[in-house]
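Listed below are the residues making up each chain.
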Amino acid sequence: MIVLFTDFGLEGPYTGQVEAVLHEQAPAVPVIHLFSDLPPFDIQAAAYLLPAFIGRFPPGTVFLCVVDPGVGSERPGVAVKIAGQWFVGPNEGLFALLVRRAQAVECWRLPVRDEASASFHGRDVFAPVAARLARGLVPPGEVNDAATLERPDWPDDLLRIVYIDRFGNAMTGARAGSIAADRVLTVNGHTLKSARTFADIQEGTAFWYENSNGLVEIAVNRGRADELLELAVGTPFD
């Protein structure tokens with residue numbers, strides 16, 4: 001299968017154009033929408049979300065990952081193989097946490113065809129490569145040093161909000177296993193205790209918990225954490 005992980009949105013033509021390429025070049029391969037609403041242009045937020053959401057997909061899955069504010073620049077595109085899964089997208093830090101946590105990494109630098117649009121590599125460069133890999137073919141281009149994917153200046157766990165879902169729950173870039181279960185978190189002057197699930201907390205109360213993908217998430221039982229606590233993508237906590 002091919003899994004889309006982008007900031008393209010479902011409004012407008014961009015996701016549909018990418019899907020059209022995938023359908024044309026790999027018509028028998030199912031396409032799954034994982035994220036189409038990643039925080040726009042926020043490579044770091046996407047980089048901390050990606051490792052948390054790949055575990056339930058089988059080997060052979062191709063992740064088409066595009067958060068690409070540097071599109072058309074000299075930044076390279078890459079195809080990366082980790083634990084039998086493929087990741088295709090721009091090399092601007094998006095795969096840094098995957099590489100850091102992996103035991104073995106294979107990487108290819110992708111060529112850019114002359115006819116590719118300078119402003120839409122997701123459609124013209126990365127989607128064709130994703131379709132090729134999903135058909136069991138080798139990636140185009142040359143073998144690349146996986147060290148070029150790393151961001152040593154980024155922490156192992158990011159103590160800020162990286163995504164807010166439709167319920168107003170705020171995912172963070174921190175793995176729950178990196179924080180003691182009885183720790184009290186502070187965000188925007190509010191203190192938050194932990195709970196195992198929403199039902200353990202009084203209605204209207206804010207708390208933090210380990211979400212279903214292993215990340216620290218801030219929520220309000222039957223309410224919106226983003227509104228009650230004035231949270232946005234990028235808001236730090238400690």
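Residues numbered from 1 in each chain as written. Predicted model: local features only at pLDDT ≥ 70, side-chain atom pairs only at ≥ 80, totals over all residues. Heavy atoms only, no water.

### With respect to unusual backbone geometry
Using the following cut-off: Under the scheme applied here, a residue whose accessible area is under 20% of the maximum for its type counts as buried, over 50% as exposed, and between as partly exposed, the area being computed with a 1.4 Å probe on protein chains only.
One non-glycine residue, Ala 83, lies in the positive phi region at around 50°. Residue classification places Ala 83 among the exposed residues on the basis of a relative accessible area of 68%. Phi at Arg 222 is positive, roughly 55°, even though this residue is not glycine.

### Quick word on the pairing of strand E3 (residues 62-66)
Every other side chain in a regular strand lies on the same face of the sheet, so the side chains alternate between the two faces. For clarity, the threshold we go by: Think of it this way: any DSSP run of H or I at least four residues long counts as a helix, any run of E at least two long counts as a strand, and we number them from the N terminus. For two strands to be treated as a pair, DSSP must find at least two bridges joining them.
Among the five residues in E3, five count as buried, and that is most of the element. With burial as the criterion, each face of E3 is covered, one bearing Val 62, Leu 64 and Val 66 and the other bearing Phe 63 and Cys 65. Relative to E3, strand E1 (residues 2-6) runs parallel, the two being bridged by five bridges. Residue pairing across strands places Val 3 opposite Phe 63, the latter belonging to E3.

### Some thoughts on the nonpolar core
Convention followed: Within this scheme, the nonpolar core is defined by two criteria: the residues are buried Ala, Val, Leu, Ile, Met, Phe, Trp, Tyr or Cys, and they are joined through side-chain atoms within 4.5 Å. Whether two residues are in contact is decided by their heavy atoms: any pair within 4.5 Å suffices.
Grouped together as the largest cluster of nonpolar side chains are 37 residues, with contacts concentrated most on Phe 5, Leu 49, Leu 50, Cys 65, Val 80, Phe 87 and Phe 95. Residue assignment for this core shows that the elements contributing at least two residues are E1, helix H2 (43-49), E3, strand E4 (77-82), helix H3 (96-101) and strand E8 (158-164). If one sorts the elements of this core by residue count, H2 sits on top with six residues. If near-sequence neighbours (up to four positions away) are discounted, Cys 65 is found in contact with Phe 5, Leu 50, Phe 87, Val 88, Gly 89, Pro 90, Leu 94 and Phe 95.

### Here's the deal with the sheet that holds E1
What counts is decided by this rule: Interaxial angles span 0 to 180 degrees and are taken between N-to-C directions of axes, which are lines fitted to C-alpha atoms, for helices over the stretch in contact.
The sheet built from seven strands is open, its strands ordered E2-E1-E3-E5-E4-E6-E7 with mixed pairing. Where the open sheet ends on each side, the last strands, each with one partner, are strand E2 (31-35) and strand E7 (142-143). Sheet topology note: the E4/strand E5 (residues 85-90) ladder contains six bridges and is antiparallel. Within E5, the residue paired with Gly 77 across the bridge is Pro 90. Those strands touched by helix H1 (residues 14-25) are E1, E2 and E3, and its axis lies near 155° from that of E1. Running at roughly 170° to E3, helix H4 (residues 121-134) makes contact with E1, E3, E4, E5 and strand E6 (106-110) of the sheet.

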